[in-house]
Amino acid sequence: MTVSEEKRRHPRVGFATRIAVVLNMDGEQVKLDGNSKDLSLKGVFVNTDKEFSLGTQCSVEVYLTGSIEEIKLLMQGTIVRKTEKGIGVDFNSMDVDTYSHLKNIVRYNRSDDLA
């Protein structure tokens, strides 16, 4: 376990789905399409080869499929991590319905080793 994993207060689950990150760059909106690697109530890691500066404010759109119609969750966030494989976004705000969906995703995809 690394130091950053020990500091996490929100469980993270492996969850791959389509993600769009929308950033305001020099007065223009830039939309980055990618896929999530993992997800928590506090953030998401997006697989992408695009690079953005840490601290950049953004909107995150998470697309859920599998039901009759696609559901789009919308969160406001900040880029807090970048690697050669993608970016980590920390969620700053979301509405109650989005929080409820995220809570269910984490609950149903969590693999607890506790007996």
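All of these numbers come straight from a predicted model, not from anything done at the bench. (Residues numbered from 1 in each chain as written. Predicted model: local features only at pLDDT ≥ 70, side-chain atom pairs only at ≥ 80, totals over all residues. Heavy atoms only, no water.)

Asker: Looking at this structure, how should I read the overall build of the protein?
Answerer: A count of helical and extended segments in the protein gives 2 helices and 7 strands. Starting at the N terminus and walking to the C terminus, you meet the elements of the protein as α-β-β-β-β-β-β-β-α. With 115 residues in all, the protein has 37% of them scored as buried. For the protein, the share of sequence-separated contacts (at least 6 apart) that also reach a separation of at least 24 residues comes to 54%. Only carbon and sulfur atoms are counted for the fraction: they give 46% of the accessible area of the protein, which is about 7700 Å². (Helix = DSSP H or I, 4+ residues; strand = E, 2+ residues; numbered from the N terminus. Buried < 20%, exposed > 50% of the residue type's maximum accessible area, 1.4 Å probe, protein only. Contact = heavy atoms within 4.5 Å. Areas by Shrake-Rupley, 256 points an atom, 1.4 Å probe, with all protein chains shown as cover.)

Asker: Help me understand the nonpolar core, please; the structure alone is not making it clear to me.
Answerer: A general tendency of soluble globular proteins is for nonpolar side chains to be buried together. Among the nonpolar cores identified, the biggest contains 24 residues, and Val44, Val60 and Leu102 are the most heavily contacted of them. Sorting the residues of this core by element identifies strand S2 (18–25), strand S3 (28–39), strand S4 (43–47), strand S5 (57–64), strand S6 (71–83), strand S7 (86–94) and helix H2 (96–109) as the ones contributing at least two each. Looking at this core, the element that brings in the most residues is S5, giving 4 residues. Setting aside residues no more than four positions away along its own chain, Val60 makes contact with Ile19, Ala20, Val44, Leu73, Leu74, Met75, Val89 and Phe91. (Core = buried A, V, L, I, M, F, W, Y, C linked by side-chain atoms within 4.5 Å.)

Asker: Help me out: how do you make sense of the pairing of S4 in this one?
Answerer: Put simply, side chains in a regular strand alternate between the two faces of the sheet. Most of S4 is tucked away, with 4 of its 5 residues classed as buried. As paired strands, S3 and S4 are joined by 4 bridges and run antiparallel to one another. Paired with Ser36 across the strands is Val46, a residue of S4. Where S3 folds back onto S4 in an antiparallel hairpin, the turn is made up of 3 residues. (Pairing = 2+ DSSP bridges.)

Asker: Help me out: how do you make sense of the pattern of salt bridges in this one?
Answerer: Any two side chains of opposite charge can pair, so long as their charged atoms come close to each other. Counted by the stated rule, this structure contains 3 salt bridges. Where Glu70 meets Arg18, a salt bridge forms, and the shortest distance between an N and an O atom there is 3.2 Å. Placement of Glu70 in the loop between S5 and S6 and of Arg18 in strand S2 is noted, with a sequence separation of 52 residues between them. A relative accessible area of 43% means that Glu70 is categorised as partly exposed. Here Arg18 falls in the partly exposed class, since its relative accessible area comes to 40%. Where Glu61 meets Lys31, a salt bridge forms, and the shortest distance between an N and an O atom there is 3.6 Å. One end of the pair, Glu61, is in strand S5; the other, Lys31, is in strand S3, with 30 residues separating them in the sequence. (Salt bridge = Lys/Arg side-chain N within 4 Å of Asp/Glu carboxyl O.)

Asker: It is not clear to me how the confidence of the model for the protein should be interpreted in this structure. Could you clarify?
Answerer: Close reading of the predicted structure is inappropriate where its pLDDT is low. Overall, the prediction assigns the protein a mean pLDDT of 84, with 85% of residues at 70 or greater. Note that residues 1–6 has pLDDT below 50 and, in this model, 1 contact with residues that lie over four places away or in other chains. (pLDDT = per-residue confidence, 0-100.)

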